[in-house]
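Next come the chains, spelled out residue by residue.
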Amino acid sequence: MKGVVFTGDRQLELRDFPDPEPSEDDVVIEIKASGMCGSDLHVYRSNDTALVGKYIAGHEPCGVVLERGASVPERLAPIGARVMVHHYDGCRTCSNCMSGWTQLCEEGSVVYGKSGHGAHARYMKVPARTLVALPDTLSFTTGAAISCGTGTAYGAIERMELRGGSTLTVFGQGPVGLSATMLGAAMGARVIAVDISAERLERAKSFGADAVVNAAEVDPVETIQELTGGGTDYALECSGAPEASAAAVRSTRTWGTVCFVGMGAKHATYDVTNDIIRKQLTLLGSWTFSAAGQRDCAQFTAERKLPVDELFTHRFAFDEADDAYKLFDTQTTGKAVLLPSRNA
Ligand SMILES: [Zn+2]
Ligand SMILES: [Zn+2]
């Protein structure tokens, strides 16, 4: 089979790999949709030889079970079952692995698509325990989104223990932030969406934002304080920009909660005394989701019939990966998915 391998400095190749065969505890899935996520672009643009040149990319895998290893019970992976993958492996015995938080493995984790083979290929071999069932009513593309971007938004909202009836302000309306806008609204929050792109803010409205704030045009902190009469109950930072990180803290009301999801910012400046201590703020970090959280996100999406598929603005065949990554290297709105063929 062919697999998409990033070779450094915005180059990729469709490399030949043997079709995978399942070892004892593994399954092989046939990939039906493989989403492209912001962190794929970090690797695509990189020159770090530790990151590029080895593994098949793609960490939003969704497909069907094709084959299973000798020790995998049938009920865990029936042939033909529609599945997503919790896209990490670890030691499988530490407490984080045991509780489904494999990415936090004490021995260090493998991230599929980055430090292990990912889903930008026809087939993918994974341990059976990484499979998460895809509800019947959800498409493979929706499953791909839930396997990283949308699942990450869900994980953060769970971590914040969002209350319905409260106000949630989401900084950054890329695929994760837009998912948070949609999920927050579906959970009964009033959502304020913040971005510096008018186009992204238009999309945020269509995904349920009650108000939008263009931080390139107005002071976001002042505007959010006006919109909320003193500050937002919850702020979720999805952009990775240091300015947004500071604005999230400053626009949150006394006793409020701030959660950081957007990676990239190494430093952000806060007035610890006045912006955090004297406001009794709760600050949280949230890195993706557990395997159970991924299942819950899929369940919630199915029950509420959320339009997760509409996050995807572009669909490409696997052999068009080069065009897809070239486009999303510069385009900042929308989300793309690789499919076995363009009409799949
Ligand atoms: Zn572990
Ligand atoms: Zn991702």
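Just above sits the structure.
About the criteria used
Residues numbered from 1 in each chain as written. Chains lettered and ligands numbered in written order. Predicted model: local features only at pLDDT ≥ 70, side-chain atom pairs only at ≥ 80, totals over all residues. Heavy atoms only, no water. Salt bridge = Lys/Arg side-chain N within 4 Å of Asp/Glu carboxyl O. Helix = DSSP H or I, 4+ residues; strand = E, 2+ residues; numbered from the N terminus. Buried < 20%, exposed > 50% of the residue type's maximum accessible area, 1.4 Å probe, protein only. Core = buried A, V, L, I, M, F, W, Y, C linked by side-chain atoms within 4.5 Å. Pairing = 2+ DSSP bridges. Axes fitted to C-alpha atoms, helices over the stretch in contact; angles between N-to-C directions. Contact = heavy atoms within 4.5 Å.

(A) Summary view of the pattern of salt bridges. Tallying each qualifying case throughout the model produces 14 salt bridges. Measuring nitrogen to oxygen at the nearest pair gives 3.2 Å for the salt bridge that ties Lys205 to Glu202. In this pair, Lys205 and Glu202 are both assigned in helix H6 (residues 198-206), 3 residues apart and thus about one turn of the helix distant. The partly exposed category is assigned to Glu202, whose relative accessible area is 48%. Put simply, Arg10, Arg45 and Asp329 are held in one network by salt bridges that share partners.

(B) Spatial organisation of the nonpolar core. Ranked by internal contacts, the top residues of the largest apolar core, which has 45 residues, are Met84, Ile157, Met160, Leu168, Leu183, Leu236 and Cys259. Judged by nonpolar contacts, the second largest core, of 31 residues, contains Val43, Val52, Val72 and Ala324.

(C) Structural detail: the sheet that holds strand E14 (residues 252-260). Read across the open sheet, the 6 strands follow the order E12-E11-E10-E13-E14-E15; overall the sheet is parallel. Each end of this open sheet is capped by a strand with a single partner; those strands are strand E12 (211-214) and strand E15 (282-285). Averaged over neighbouring strand pairs, the angle between their axes works out to 20° when direction is ignored. Here 5 bridges tie strand E10 (residues 167-171) to strand E11 (residues 190-195), and the two strands are oriented parallel to one another. By the bridge assignment, Thr169 is partnered in E11 with Ile192. Contacting E10, strand E13 (232-237), E14 and E15, helix H4 (residues 149-160) crosses the sheet at an angle of about 145° to E13.

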